[in-house]
Amino acid sequence: MDTLLIFFALPIAVIIISAILEILLKNPIAVASLIFAIFLIVTFAAFDETFLIATLAYTLIALITAFIVHVLRRKHDNESNIYDLVFDLIQNNSGSNNNNSNNNNNNGSNNNNSNNNNNNGSNNNNSNNNNNNGSNNNNSN
């Protein structure tokens, strides 16, 4: 019974607890240190000194598990951040293209309106555009 507990149940429990602690603490060394402290207390409280070797093995398993979970979570976080960045760039890019084309159209229409205003001299809105553009033409014609 002790052999089954030492070689099967406790390592699986260490893996599960290490993964959960890594998600909570986000520090693999802290997880391994906590597992080592717990098993060190259990070693001298419930077992004898020979369980100290198993404690070191469980600490190593905890460190490896916590490191793997840490790397996988960072990779997942980075992928979602890259996806969000790409999505935002696409949205901003399409919005800025529309704004640029509108600005170009507005600039082109302002130029056309100022030309029309200089020729006709009868449209008040166009003279306002000229004033906004900095031209000093008045509607004296």
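Residues numbered from 1 in each chain as written. Predicted model: local features only at pLDDT ≥ 70, side-chain atom pairs only at ≥ 80, totals over all residues. Heavy atoms only, no water.

**Overview of the packing of aromatic side chains**
The geometry of an aromatic ring pair is captured by the separation of the ring centres together with the interplanar angle, meaning the angle of the planes.
Move 1: Applying the stated criterion across every chain, the model contains four aromatic pairs.
Move 2: By the ring-pair criterion, three or more aromatic residues cluster together here, those being Phe-39, Phe-47, Phe-51 and Tyr-58. (Phe/Tyr/Trp six-rings, centres within 6.5 Å; stacked < 30°, edge-to-face > 60°.)

**Some points on helix α1 (residues 2-25)**
Move 1: Where α1 bends most, at Ala-9, the angle is about 30°, and the proline Pro-11 comes one to four residues later.
Move 2: All of the buried residues along α1 are Leu-10, Pro-11, Val-14, Ser-18, Leu-21 and Glu-22. (Bend = angle between axes of the 7 residues up to and from the residue. Helix = DSSP H or I, 4+ residues; strand = E, 2+ residues; numbered from the N terminus. Buried < 20%, exposed > 50% of the residue type's maximum accessible area, 1.4 Å probe, protein only.)

**Regarding the side chain of Thr-59**
Move 1: With respect to the helices and strands, the residue Thr-59 is situated in helix α3 (residues 51-120).
Move 2: In contact with Thr-59, other than residues within four places in its own chain, are Ala-32 and Phe-36. (Contact = heavy atoms within 4.5 Å.)

**Comments concerning unusual backbone geometry**
Move 1: Positive phi outside glycine occurs at Lys-26, with the angle close to 60°.
Move 2: Here Lys-26 shows up in the loop between α1 and α2 (28-46).
Move 3: Given a relative accessible area of 54%, Lys-26 falls into the exposed group.

**Examining α2**
Move 1: Its 19 residues place the ends of α2 26 Å apart at the C-alpha level, agreeing with the 27 Å of an ideal helix rising 1.5 Å per residue.
Move 2: Burial in α2 covers these residues: Pro-28, Val-31, Ala-32, Ile-35, Phe-39 and Thr-43. Projected onto a plane normal to the axis of α2, the buried residues spread over an arc of 100° and lie on a single side. Looking at α2, the residues exposed on the side facing more than 90 degrees away from the buried face are Ile-29, Ile-41, Phe-44 and Ala-45. (Expected span 1.5 Å × (residues − 1). Arc of directions from axis to C-beta.)

**Topic: the confidence of the model for the protein**
Move 1: Per-residue confidence for the protein gives a mean pLDDT of 74, with 61% of residues at or over 70.
Move 2: Model confidence for the protein, summarised as mean pLDDT per element, is weakest for helix α4 (residues 124-133) at 45 and strongest for α2 at 95.
Move 3: Below pLDDT 50 for its whole length, residues 96-137 participates in 21 contacts with residues either more than four positions away or in separate chains. (pLDDT = per-residue confidence, 0-100.)

**Examining the environment of Phe-39**
Move 1: Note that Phe-39 resides in helix α2.
Move 2: When the C-alpha positions of Phe-39 and Phe-51 are compared, they lie 9.0 Å apart, and in sequence the two are twelve residues distant.
Move 3: When neighbours within four sequence positions are excluded, Phe-39 is seen to be in contact with Leu-10, Val-14, Phe-51, Thr-55 and Tyr-58.

**With respect to the nonpolar core**
Move 1: Core analysis: the biggest nonpolar cluster contains eleven residues, these being Leu-10, Val-14, Leu-21, Val-31, Ile-35, Phe-39, Phe-51, Ala-54, Tyr-58, Ala-62 and Ala-66.
Move 2: Where this core is concerned, the elements lending two or more residues are α1, α2 and α3.
Move 3: The contacts of Leu-21, once residues within four sequence positions are left out, are Lys-26, Val-31, Leu-34 and Ile-35. (Core = buried A, V, L, I, M, F, W, Y, C linked by side-chain atoms within 4.5 Å.)

**Some details on a nonpolar patch on the surface**
Move 1: Together, Leu-4, Leu-5, Phe-8, Ile-12, Ile-16, Ile-20, Leu-24, Leu-25, Leu-34, Ile-38, Val-42 and Phe-47 give the surface a local cluster of nonpolar side chains, amounting to about 1100 Å² of exposed area.
Move 2: Those elements giving two or more residues to the nonpolar patch turn out to be α1 and α2.
Move 3: Sorting elements by how many residues they give to the nonpolar patch places α1 first, with eight residues.
Move 4: Checked against the element boundaries, Leu-34 lands in helix α2. (Patch = residues over 30% accessible without salt bridge, like charges linked within 9 Å, V, L, I, M, F, W, Y side chains within 5 Å. Areas by Shrake-Rupley, 256 points an atom, 1.4 Å probe, with all protein chains shown as cover. Salt bridge = Lys/Arg side-chain N within 4 Å of Asp/Glu carboxyl O.)

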